[in-house]
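# Descriptive structure summary
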Amino acid sequence: AVVSTQSTGGLSYEAIISYIRSLLPSTKIEMQVVPGSPVLLIELIRPDLKYPLGFSVKDGHITTLVRGSIGERAGVRVGHRIIAINGESTVTLDHDSIAGILLSETGKLLLKTMPSQIFNLMLGLEEPEYL
């Protein structure tokens, strides 16, 4: 999205809200939302279990990413929720199940992720913040 000529691409939710609040109430705010899906399709290729994927997961949410790792090179993003692995939904899986799949798979691994904030809003785990 673009807010008052400032692109918000790549900014965290908190940074965007902070920026918008810094403009209030003295500035007329115009927003332009660029269409696109929040869901990322990521193809990881792990030739052998001796090669770590290079990211950490907590309850399905990606929390850390190692620079130069298989995960970073494939496009894994911190702050995203894994919603599917190899076409199978992970939404109802617990942490151990998701970690078990990620730790045991070799070859091509297809992840579907989306920003955790959007995931939590969609499932009603968080309330939207009104300005």
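Refer to the structure presented above.
## Some details on the overall build of the chain
- A tally of regular secondary structure across the chain gives four helices and nine strands.
- In the chain, the order of α-helices and β-strands from amino to carboxyl end is β-β-α-β-β-β-β-α-β-β-α-β-α.
- Dimensions of the chain, computed from C-alpha atoms along their principal axes, come out at roughly 55 × 30 × 25 Å.
- Counting only residues that meet the buried cut, the chain has 29% of its 131 residues in that class.
- Sequence-distant contacts in the chain: of pairs separated by 6 or more residues, those separated by 24 or more amount to 60%.

## Notes on the layout of surface pockets
- Space inside the second largest pocket adds up to approximately 160 Å³.
- If you trace the second largest pocket, you find it lined by Arg46, Leu49, Pro52, Leu53, Gly54, Phe55, Ser56, Val57, His95, Ala99, Leu102 and Leu103.
- Elements represented by at least two residues in the lining of the second largest pocket include exactly β5 (55-58) and α3 (95-104).
- Broken down by element, the lining of the second largest pocket gets its largest block of residues, four residues, from α3.
- Its residues placed into classes, the lining of the second largest pocket shows eight nonpolar, three polar and one charged.

## Some remarks on the nonpolar core
- By size, the foremost hydrophobic cluster in this structure holds 14 residues, and its most contacted members are Leu44, Phe55, Ile82, Leu102 and Leu111.
- Sorting the residues of this core by element identifies β4 (40-46), β5, β7 (80-85), α3 and β9 (107-115) as the ones contributing at least two each.
- In contact with Leu102, other than residues within four places in its own chain, are Arg46, Leu53, Phe55, Val57, Ile82, Ile85, Leu109 and Leu111.

## Some remarks on the environment of Leu40
- Relative to the helices and strands, Leu40 resides in strand β4.
- Not counting residues within four places of it along the chain, the set of residues in contact with Leu40 comprises Gly75, Arg77, His80, Leu111, Lys112 and Thr113.

## Here we look at α3
- For α3, every residue scored as buried is listed here: Ile98, Ala99 and Leu102. Down the axis of α3, the smallest arc covering the buried residues is 95°, so these residues share one side.
- Those residues of α3 hidden inside the fold are in contact with β4, β5, β7 and β9.

## A word on the pairing of β7
- The buried count for β7 comes to six of six residues, which makes it a mostly enclosed element.
- As paired strands, β7 and β9 are joined by five bridges and run antiparallel to one another. Within the sheet, the bridge partner assigned to Ala84 lies in β9 and is Lys112.
- Pairing geometry for β7 and strand β8 (residues 88-89), over two bridges, is antiparallel.

## Some details on the pairing of strand β6 (residues 61-65)
- Of the pairings in the sheet, the one linking β5 to β6 comprises four bridges and is antiparallel in character. Counted as the bridge partner of Ser56 is Thr64 from β6.
- Hairpin connection, β5 to β6: the antiparallel pair is bridged by two residues, and Asp59 has positive phi, about 50°.

Parameters and conventions
Residues numbered from 1 in each chain as written. Predicted model: local features only at pLDDT ≥ 70, side-chain atom pairs only at ≥ 80, totals over all residues. Heavy atoms only, no water. Helix = DSSP H or I, 4+ residues; strand = E, 2+ residues; numbered from the N terminus. Buried < 20%, exposed > 50% of the residue type's maximum accessible area, 1.4 Å probe, protein only. Contact = heavy atoms within 4.5 Å. 1 Å grid on protein atoms, 1.4 Å probe; cavity = no way out; pocket = protein on both sides within 12 Å on 5 of 7 lines; lining within 4 Å. Points joined across faces, edges and corners; volume = space filled by probe spheres on them. Nonpolar A, V, L, I, M, F, W, Y, C, P; charged D, E, K, R; others polar. Core = buried A, V, L, I, M, F, W, Y, C linked by side-chain atoms within 4.5 Å. Arc of directions from axis to C-beta. Pairing = 2+ DSSP bridges.

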